[in-house]
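Below, each chain spelled out in residue letters.
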Amino acid sequence: MSGLEVTDLGVRYPGGVRAVDGVSLAVEPGAALVLLGESGSGKTTVARTVLGLPGRGAEVTGSVRLAGTELTALDERALSRVRGRRIGYVPQDPTASLDPLRRIGPQLAEVLRRHRIAEGRRALAAAVARLLGTAGIPDPDRVARAYPHELSGGLRQRAAIAVAIACGPELVVADEPTTALDALVRGRILDLFATLRAECGIALLLVTHDLAAARRVGGEVAVMRAGRIVEAGPAERVLSSPGHAFTAALVAADPGAHR
Ligand SMILES: Nc1ncnc2c1ncn2[C@@H]1O[C@H](COP(=O)(O)OP(=O)(O)OP(=O)(O)O)[C@@H](O)[C@H]1O
């Protein structure tokens, strides 16, 4: 299968914590899967394990395949090539993927050069401008010259998304990418993910506890509790008529549900 296919994933930490237990999910090119659930349910552990970064001492079982490549079988060198090149990562805090001491343009150029996407000053500058445009940045020249702290939160997150998509990845993993943003900007960033899916065929695995975000992204949702998926299906159906008591409780506890 193309896209991401996770089968019977288990992650156990030293001390016996079973953070993930028998999780299976799939995201096809251009599709989205939103992992929902309360804090500590294992969402981030699934995302980090897909990135090949489950954490020190983690014991991983099961399979993570990206377009047929078994990622759990790769060594660290091969995995670090897959990360960045075939999988882009968008963290909650964009400053985590941006260097505070370098302007945005040179940072992006460095990623493009390292992965041999573009070479030479002119080609790199053009590729950077194109990439910032793809990330929905209206004035790419200004943003390319700016340091991360000179940008608004929304523009910073767009710059971090530009880093994530610089190498044309098949999959983007985003962990709470809009939690730190205000409601208007949050919606626009979620719409950018929709555009990237439609125009670049990127598969999106998005972790959030924000039900409104899950509704806006559309696609499929998988609801996690204590390391397991308790319910999965189209966001519209699962969130409007939950089939599991835990999903129903999650929806009932959501302040946005009563607006
Ligand atoms: N590196 C680690 N070592 C030990 N335990 C860990 C590690 N990472 C996560 N855990 C444990 O695994 C469980 C799942 O955590 P995880 O962060 O995946 O949940 P989450 O659903 O993403 O929560 P949140 O929304 O708060 O980030 C928790 O009990 C957590 O304490």
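Refer to the structure presented above.
Thresholds, definitions, all that
Residues numbered from 1 in each chain as written. Predicted model: local features only at pLDDT ≥ 70, side-chain atom pairs only at ≥ 80, totals over all residues. Heavy atoms only, no water. Core = buried A, V, L, I, M, F, W, Y, C linked by side-chain atoms within 4.5 Å. Buried < 20%, exposed > 50% of the residue type's maximum accessible area, 1.4 Å probe, protein only. Helix = DSSP H or I, 4+ residues; strand = E, 2+ residues; numbered from the N terminus. Contact = heavy atoms within 4.5 Å. Arc of directions from axis to C-beta. Pairing = 2+ DSSP bridges. Axes fitted to C-alpha atoms, helices over the stretch in contact; angles between N-to-C directions.

Ile-104, Leu-108, Leu-132, Ile-161, Phe-193, Leu-204 and Leu-206 are the most contacted members of the largest nonpolar core, which totals 54 residues. Of all the elements, helix H6 (residues 153-165) adds the most residues to this core, at seven residues. Here Ile-104 is in contact with Leu-98, Leu-132, Val-143, Ala-144, Ala-146, Pro-148, Leu-151 and Ala-159, once residues within four sequence places are set aside. Residues Val-27, Leu-33, Leu-51 and Met-224 belong to the second largest nonpolar core, which totals 29 residues.

What follows covers helix H2 (residues 76-85). Among the residues making up H2, those that are buried are Ala-78, Leu-79, Val-82 and Arg-83. Buried residues along H2 cover an arc of 140° about the axis, so they all sit on one side.

The next subject is the sheet that holds strand E10 (residues 228-234). Taken together, six strands build an open sheet; the order of strands is E6-E7-E8-E3-E9-E10 and the sheet is mixed. Every other strand in the sheet has two partners, leaving strand E6 (87-90) and E10 as the edge strands with one partner each. Strand-to-strand twist across the sheet, computed as the mean angle between neighbouring axes with direction ignored, equals 15°. Note: strand E9 (residues 220-225) against E10, six bridges, orientation antiparallel. Paired with Met-224 across the two strands is Ile-229, which belongs to E10. Lying on the sheet, H6 is in contact with E6 and strand E7 (171-175); it crosses E6 at an angle near 165°.

Geometry only, nothing functional implied.
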